[in-house]
Amino acid sequence: MPSGFSWNGASSDVWRGRRPRVRWPRVRQAAKGQGRKLAAILLAGKREAVVDNHHATIPHRACGSMETGAVFPQLPESEARRAPEGDGGNGSVDGDATSRNPFEGLVSHLRASWLSGKTRPMEYRMAQLKALGHFLDDKKQQILEATASDLGKAPFEAELSEILLCKNELHETLNNLSCWMKDEQVDRTLAMQLDSAFIRKDPYGVVLIIAPWNYPIHLFLVPLVGAIAAGNCVIVKPSEVSKKTERLVAEALPDYLDKDCFAVVTGGVQETTRLLENKFDYIFFTGSPPVGRVVMTAAAKHLTPVTLELGGKNPCYVSDTCDVTNVARRVAWGRFFNAGQTCIAPDYLLCTIEMQEKLLPALRKAIDDFYGPNPRESPDFGRIVSDKQFQRLRALLGSGRVAIGGQTDEAERYIAPTVLVDVQPLDPIMQEEIFGPILPIMIITNMDEAIDFINSRERPLAVYAFSSDDKVVNQVLERTSSGGFCGNDTLMHVTLPSLPFGGIGNSGLGTHHGKFSFDTFSHHRGCLKRGMGWECLNAPRYPPYSQQKFGVIRAMSKVRCKNDCTLL
Amino acid sequence: METGAVFPQLPESEARRAPEGDGGNGSVDGDATRNPFEGLVSHLRASWLSGKTRPMEYRMAQLKALGHFLDDKKQQILEATASDLGKAPFEAELSEILLCKNELHETLNNLSCWMKDEQVDRTLAMQLDSAFIRKDPYGVVLIIAPWNYPIHLFLVPLVGAIAAGNCVIVKPSEVSKKTERLVAEALPDYLDKDCFAVVTGGVQETTRLLENKFDYIFFTGSPPVGRVVMTAAAKHLTPVTLELGGKNPCYVSDTCDVTNVARRVAWGRFFNAGQTCIAPDYLLCTIEMQEKLLPALRKAIDDFYGPNPRESPDFGRIVSDKQFQRLRALLGSGRVAIGGQTDEAERYIAPTVLVDVQPLDPIMQEEIFGPILPIMIITNMDEAIDFINSRERPLAVYAFSSDDKVVNQVLERTSSGGFCGNDTLMHVTLPSLPFGGIGNSGLGTHHGKFSFDTFSHHRGCLKRGMGWECLNAPRYPPYSQQKFGVIRAMSKVRCKNDCTLL
């Protein structure tokens, strides 16, 4: 996403002055013995009334004094009794002196649930995952409406990206979870033939997922599937920019999941900053590189591992040997899907001047085929998410020369599918991720120049290469570095749950999707179990040392070099 | 040279073709005062961009050269570690050489297989395409190593970084002086100087070094420095592996073979004079077990190091005066049951066992990292597990019991980097197991294939044909319900079995 603005590209005027929404928990009849622990949990929300009266029924949305915007986990009777077993343990370091962190109670409640072990059984994880599926099924219409309101997203695009792809992830995970969770037995040395050596997939603990606004369901739900599958407790922070979807998630999602283990937190920069002060065991962030730096810096304080899914200017090289019509359709689709607000969209074209001449009519025809003569009237073309984004994009239209499109409408936040030519490397549009329906064409003279151009810039989330010659595609693949790669098409590589998705360098770190999500949210714990006896086998390793003993150790533990290895 | 950089020499023939780009890939340093390492980093980046580290033959050749370094310099390594840490030749040869060569051989044996593109499942719509995971090198890697195993802890990650096709800067610890000098002087002769460099120095140099943009940083050291490294990495969005320490608990249940437990624990605790990040840091057992363990530990120590361990050639010394003083102060916690003798001149601390230790005593507040073993009394396994879970997550949890259920309970109900049942340290000797911490003990894993994977970017790749555009028609606007039906049918991942979602 473009740099230089706040959370997830949040327009500051969107959140400034707006009090974060408050979801009031339905805390009913907390069991007596849990009063003190509940008090600790609830204090974070400054709800002394609840603490003083354990039997009070707090009506939904009863009052708005809570400043944190936390959608607090409800504690139904049966749950409340068995939830908080420990007191945060595992090195929670927040809550010293000064002002108490507003999310501290929530985080330690989730940590207590996690320590109780309730998220570990496969049945529990499967049940929560299936509940996520029910959320998608039940709320399908609301999701389509919310994303239409936030982004003018066409129902087809919303159902494809926000629902179908999420359900694919869910099914992939449900189908394979029992297999992924199994201990992985590994090779042992001669000395350990009597032992058991395996990799256990342990959950991390309490995970924070911070999601952006462009695919406001998909980009929290897909990592959430992985985090649940791996046995973690999770706090989800949807983007405050996609307002309708944020509200839908905050209101509906908690009803489907175990409230002791999963929570939705809403808010803008301030709330997120406070949230990040807490110690999490994993942080999964999707957004812009500048905010990614902030998140990773906050994570460093607690030594928390992070996945950062950032953006980047994804180059799209089109060689002279290609089917121009097909290239134009595939590129136009990838660029204009969701009105260009896709982190893996092709950001700019690299081609020769001759190819540009052929591509322009083909792109014009593709756009006309897709959205008709006036894309503004097409129900299939989206809108820009916010005024701030709209203004940023409109300014970028000044780079180079408009060859196709270029129309805008501020009231609707409409920007027509646009192609720019005569663009120079130093033009504003080549300095930031575009993240809108504008496609600049950079002229290069050959493939080598295209590759040099790509390598001279920050590493993108995806590199695209079009050519009828497989060698050209392979050259671009081999001689560039990027998060992912797709030859002769756009976007499609991320639809496969079997491929890892993630950036490198400025486009992020860590991968997810399918089993990679499960592995991301699992600590791979190397385990060795030995017997209590057979001490004679250990004798050679003990002092007093001798050359003989070393010889035995070497013989028993050595990894031999096969083949013609000259080292031995 | 003020920076301490062992700069790559540029022989004529090399110099001519080396710097092809100018750092590219977003090198952002070089404002105002020039960073002393900027030239080195961009030289390595240019080499990496030239693609020379990518072919398997190149990687194998560099790895074999590392093997030659170990073979040729074996005697010097034993001498340097003896000088720095009083390391017994047996322990040095085992940990600094044999285990490194095991890693090397594991890597050489399997590299061709690890490097292969991994073909993955495709959906119905992509049956004509090729989908695979390519293991791309990251670029320029920084490895910062500590002093306790001064060869092993830079060399094992270096094997992985080279295997994955990266250029590497190695920063050995300035505390283990003799070994640092040996590495700085000898290692560059074995490796391609355009792609691999050794940088020496202390806090100041390392701080400047970390200002540069690296593509991966692998740090082994303490949690506070780990935070500094990760914060520096965050500026450049550089992924990190942090191998930190931690107080590794060692639970001993009442049902066990006391003699064997004592020997295995004493070995793990006193190997390298306790300066091992995965050493058992403290024992957790009942008061009854403590009574049985004390004589057994006394006997084990006596068997290993004789009546006066100071005279044993097999018992190490503390690396520095600072560390020695820190450790001597820790001897004031609880009551000395075994050992307790010290000699400042030699930086000798006897193999020591402390009893009557309280959870708030100084020795229970930090990783001990020396030959001192405190015993904490608990009343049963549940209490031990609660104690472990109430503290920062350790690099290893150890559990001793003749009852496999007890070992499994401790494994299942705790969280730690690694786990070893009924022994100490041994789990890290297997290159087939991932080694790495969690929480305060670090993040990321390495060893064997996990090292290769750590230093490889797993790039999801899809190659489609130029034709068959009819297959794509359903995804294009103008949209319709019919088109969506086709897409769903072609790309859906079906839920197997009794899945009620469909």
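Since we're looking at a predicted model, the values are computed, not measured.

Quick word on the overall build of chain B
Looking only at helices and strands, one finds 16 helices and 19 strands in chain B. For chain B, whose C-alpha radius of gyration is 26 Å, the value lies close to the compact-globule estimate of 23 Å for 502 residues. Expressed as lengths along the three principal axes of its C-alpha atoms, the size of chain B is roughly 80 × 70 × 45 Å. The 502 residues of chain B split such that 67% are buried. Sequence-distant contacts in chain B: of pairs separated by 6 or more residues, those separated by 24 or more amount to 71%. Summed over all atoms, the accessible surface of chain B reaches about 17,400 Å², with 53% contributed by carbon and sulfur.

Let's talk about the packing of helix α4 (residues 74–85) of chain B against helix α5 (residues 89–115) of chain B
Residues and elements named next belong to chain B. In the contact formed by α4 and α5, the axes pass within 10 Å of each other and the chain directions differ by 115°. Between α4 and α5 the crossing geometry is right-handed. Where α4 abuts α5, its residues Lys74, Ile77, Leu78 and Thr81 lie against Pro89, Ala92, Glu93, Glu96 and Ile97. Taken together, the residues of the contact of α4 with α5 break down into 5 nonpolar, 1 polar and 3 charged.

Description of the UniProt feature "active site" (unreviewed entry) in chain A
Per the UniProt record, "active site" (unreviewed entry) is found at Glu309 of chain A. The residue glutamate 309 of chain A is located in strand β8 (residues 306–309) in this model.

A look at the sheet that holds strand β19 (residues 456–463) of chain B
Taken in spatial order, the 10 strands make up an open sheet running β11(A)-β14(A)-β15(A)-β10(A)-β9(A)-β16(A)-β17(A)-β19(B)-β3(B)-β2(B), and their pairing is mixed. Looking at strand neighbours, the two that pair on one side only are β11 (401–404) of chain A together with β2 (118–119) of chain B, the edges of this open sheet. Taken together, the 3 bridges between β11 of chain A and strand β14 (residues 418–421) of chain A define a ladder with antiparallel strand orientation. The partner of arginine 401 of chain A across the bridge, within β14 of chain A, is valine 421 of chain A.

Focus on a nonpolar patch on the surface
Residue and element names in this part refer to chain A. Among the surface-exposed residues, Leu194, Trp534 and Leu537 lie close enough to one another that they form a single nonpolar patch of about 340 Å² accessible area. As for its position among the elements, leucine 537 is in the loop between β19 (522–529) and α19 (547–557). On the accessibility criterion, leucine 537 (32% relative accessible area) is partly exposed.

Remarks on the domain arrangement of chain A
Residues and elements named next belong to chain A. Assigned domains of chain A: these are domain 1 (5–110), domain 2 (119–310 + 516–522) and domain 3 (315–502). Relative to domain 3, the C-alpha centre of domain 2 lies at a distance of 29 Å. In total, domain 2 and domain 3 occlude about 1,800 Å² of area from one another, counting both sides; carbon and sulfur atoms represent 60% of this. Counting the surface domain 2 buries against domain 3, the share from its top three residues, Glu157, Trp213 and Phe516, is 28%.

Side note on the environment of cysteine 100 of chain B
Residue and element names in this part refer to chain B. With respect to the helices, strands and loops of the structure, cysteine 100 is situated in helix α5. We classify cysteine 100 as buried; its relative accessible area is 0%. Considering only alpha carbons, one finds cysteine 100 and isoleucine 162, 62 residues apart in sequence, at a separation of 14 Å. When sequence neighbours within four positions are dropped, the list of residues in contact with cysteine 100 reads Leu70, Ser95, His152, Leu155 and Val156.

Reading guide: rules and limits
Residues numbered from 1 in each chain as written. Chains lettered and ligands numbered in written order. Predicted model: local features only at pLDDT ≥ 70, side-chain atom pairs only at ≥ 80, totals over all residues. Heavy atoms only, no water. Helix = DSSP H or I, 4+ residues; strand = E, 2+ residues; numbered from the N terminus. Rg over C-alpha atoms; globule rule 2.2 N^0.38 Å. Buried < 20%, exposed > 50% of the residue type's maximum accessible area, 1.4 Å probe, protein only. Contact = heavy atoms within 4.5 Å. Areas by Shrake-Rupley, 256 points an atom, 1.4 Å probe, with all protein chains shown as cover. Axes fitted to C-alpha atoms, helices over the stretch in contact; angles between N-to-C directions. Left-handed = near helix turned anticlockwise from the far one by under 90°. Nonpolar A, V, L, I, M, F, W, Y, C, P; charged D, E, K, R; others polar. UniProt positions renumbered as here; feature names shortened; annotations may be inferred. Pairing = 2+ DSSP bridges. Patch = residues over 30% accessible without salt bridge, like charges linked within 9 Å, V, L, I, M, F, W, Y side chains within 5 Å. Salt bridge = Lys/Arg side-chain N within 4 Å of Asp/Glu carboxyl O. Domains from an automatic or database assignment. Buried area = accessible area lost by both parts, 1.4 Å probe.

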